[in-house]
Amino acid sequence: AVFCASDLMAMTAISTLRQLGRSVPEDVRVVGYDDIALAEHFHPPLTTVRQPIDAAGVALVESLLSQLAGERVTSIQLPTTLVVRRSSGTGPG
């Protein structure tokens, strides 16, 4: 199995695996991260981790502004969701 840091990297991995004669998910299962719009339309549909992009952007800007103001910034953990699709061998599609 391959877990990629982004959906685009996962799609590239799937394409490369195809070129090497491997089948996804039969030979190798692949999971991405981000849940970009193309993920559900890719072949096979990509299992991915969905993160709240809007909330992440707000948290990033708030942290940056706090740092610029000389304040101590703490780490923030945002909720994520696993979106199971065919590339992991268990989802629909």
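Here the residue numbering is sequential within each chain, running from 1 through the sequence in written order. This being a predicted model, a pLDDT of at least 70 is required before a residue's local features are given, and a value of 80 or more before pairs of side-chain atoms are given or counted; all residues contribute to the totals for chains, interfaces and linings. Note that the side-chain values use all heavy atoms of the structure and ignore hydrogens as well as water.

## A word on the side chain of Ser87
(1) Moving on: With respect to the helices, strands and loops of the structure, Ser87 is situated in the segment after β4 (81-83).
(2) Moving on: The class for Ser87 is buried, based on a relative accessible area of 0%.
(3) Moving on: Within polar-contact distance, the side chain of Ser87 engages the backbone nitrogen of Thr47 at 2.8 Å.
(4) Moving on: Residues count as neighbours in contact if any of their non-hydrogen atoms are within 4.5 Å of one another. Every residue in contact with Ser87, bar those within four places of it in the chain, is listed here: Ile14, Val24, Pro25, Val28, Arg29, Val30, Pro44, Pro45, Leu46 and Thr47. What counts as a helix is a DSSP run of H or I of at least four residues, what counts as a strand is a run of E of at least two, and both are numbered from the N terminus. Only protein chains enter the accessibility calculation, which uses a 1.4 Å probe. A residue is then buried if its area is under 20% of the maximum for its type, exposed if over 50%, and partly exposed in between. Distance and chemistry together define a polar contact, namely a pair of N or O atoms within 3.5 Å, with one atom able to donate a hydrogen and the other to accept it when in protein, and with adjacent residues in sequence counting only for side-chain atoms on both sides.

## Quick look at the pattern of salt bridges
(1) Moving on: Salt bridges are defined as contacts in which a side-chain nitrogen from Lys or Arg sits within 4 Å of a carboxyl oxygen from Asp or Glu. Tallied over the full model, the rule gives three salt bridges.
(2) Moving on: Here Arg86 ties to Glu26 by a salt bridge, and the two come within 3.6 Å at their closest N and O atoms. Within this pair, whereas Arg86 is found in the segment after β4, its partner Glu26 is found in the loop between α1 (7-19) and β2 (30-34), the two being separated by 60 residues in sequence.
(3) Moving on: For Arg86, a relative accessible area of 25% translates into the label partly exposed.
(4) Moving on: Judged by relative accessible area, Glu26 falls into the exposed class, the value being 54%.
(5) Moving on: In this structure, Asp35 and Arg85 form a salt bridge, with 3.0 Å as the shortest nitrogen-oxygen distance. Highlighted residues: Asp35 in the loop between β2 and β3 (47-50) and Arg85 in the segment after β4, separated in sequence by 50 residues.
(6) Moving on: Looking at Asp35, the relative accessible area reads 17%, which means it is buried.
(7) Moving on: For Arg85, a relative accessible area of 10% corresponds to the buried category.
(8) Moving on: Residues joined by salt bridges that share partners form a network here, namely Asp35, Arg50 and Arg85.

## As for the environment of Ser75
(1) Moving on: Mapped onto the elements of the fold, Ser75 is located in the loop between α2 (53-68) and β4.
(2) Moving on: We classify Ser75 as exposed; its relative accessible area is 76%.
(3) Moving on: Note: C-alpha distance between Ser75 and Ala59 (16 residues apart in sequence) is 9.8 Å.

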